[in-house]
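# Descriptive analysis of the structure
The residues making up each chain are set out below.
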Amino acid sequence: MTLDDSEAVMIEGDIAPCDILFVCEHASRHFPDTFGDLGLSEDVRQSHVAWDPGALTLTRELAKRFDCSLVAGGVSRLLYDCNRPPEAPDAVPAKSEIFDIPGNVDLSEEDRHARVTQIYQPFKEAVEQVVEVVHPKAIVTVHSFTPVYHGKQRAVEIGILHDRDTRLADKMLDAMSDGPFNTLRNDPYGPEHGVTHSLKAYALPNKLPNVMLEVRNDLLADDATAAGVTEALAAAIAQGMAELREAGEIV
């Protein structure tokens, strides 16, 4: 059995020229029958280690605000993390936070390659094809993170992450500095954690301003708070894009 490409990736919105392409790699907690349940309980397969809760809804709201397309992963990141290159050991994690992933332990090269070809490659090709069609001026990837990690509470509420291109991140951090959310640069993750693969794969080669958003998932669980997060991020993205356009960084 093989996984149909349409199950590995979701593309939403009109595939037409737009300012921003939104990407949500960890949008789904879906485990296709092809790969089984990796020996995990239902609770673990529904938890934050399997996906980014609230991230797809936030991505959809932001894409709607800017009338832009989005590309999202269609299966759990425990099967393959589409924000990692095939050579990264944690692309198919044997452990995620405190949870062992039995179905990923001692995976054969053949089985690992199947994950790459059936999950990562369709996702990668979809993003690349949409970039070619919509000619975005920037790429924004959207994630959520757990409030408690390895037993420790996280104070950061929104992370603005970047790799070596800081243009959009700088503008957004300025815009959100006096806002209602504790917003930090490259926190709770940064390039040193290997989380900027999508930015390096799709934005940097095309010289596109880019940013990776990390939102604490408890802020996305409540509709009213989630609406506030959406407003704050949409305003910061809009201001950042306007300032980059005024500076001649984008046209």
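Here, every reference points to the structure presented above.
Thresholds applied
Residues numbered from 1 in each chain as written. Predicted model: local features only at pLDDT ≥ 70, side-chain atom pairs only at ≥ 80, totals over all residues. Heavy atoms only, no water. Helix = DSSP H or I, 4+ residues; strand = E, 2+ residues; numbered from the N terminus. Rg over C-alpha atoms; globule rule 2.2 N^0.38 Å. Contact = heavy atoms within 4.5 Å. Areas by Shrake-Rupley, 256 points an atom, 1.4 Å probe, with all protein chains shown as cover. Lys, Arg positive; Asp, Glu negative; His and termini not counted. Charge placed at Lys NZ, Arg CZ, Asp CG, Glu CD. Buried < 20%, exposed > 50% of the residue type's maximum accessible area, 1.4 Å probe, protein only. Phe/Tyr/Trp six-rings, centres within 6.5 Å; stacked < 30°, edge-to-face > 60°.

Along its length, the protein chain carries eight helices and eleven strands. For the protein chain, whose C-alpha radius of gyration is 17 Å, the value lies close to the compact-globule estimate of 18 Å for 251 residues. Partitioning the intrachain contacts of the protein chain with sequence separation of at least 6 by distance along the chain shows that 80% fall at a separation of at least 24. Surface exposure of the protein chain reaches about 11,200 Å², of which carbon and sulfur atoms provide 48%. Computed over 22 positive and 42 negative side-chain charges, the separation of the two mean positions in the protein chain equals 4 Å.

Let us now look at the side chain of serine 198. Following the sequence through the fold, serine 198 ends up in helix H6 (residues 197-203). Residue serine 198 is classed as buried on the basis of its relative accessible area of 2%. Ignoring any residue separated from it by four or fewer positions in sequence, one finds serine 198 in contact with Glu25, Cys82, Asn83, Thr141 and Ala203.

Let us look at the packing of aromatic side chains. Two numbers describe a pair of aromatic rings. These are the distance of the centres and the angle of the planes. Applying the stated criterion across every chain, the model contains two aromatic pairs. On the basis of an interplanar angle of 40° and a centroid distance of 6.0 Å, the ring pair of phenylalanine 22 and phenylalanine 66 is categorised as tilted. Highlighted residues: phenylalanine 22 in strand S2 (residues 20-24) and phenylalanine 66 in helix H3 (residues 55-66), separated in sequence by 44 residues. The buried category is assigned to phenylalanine 22, whose relative accessible area is 0%. Of the residues examined, phenylalanine 66 reaches a relative accessible area of 22% and is grouped as partly exposed. For the pair tyrosine 80 and tyrosine 120, a centre-to-centre distance of 5.3 Å together with 40° between the ring planes defines the contact as tilted.

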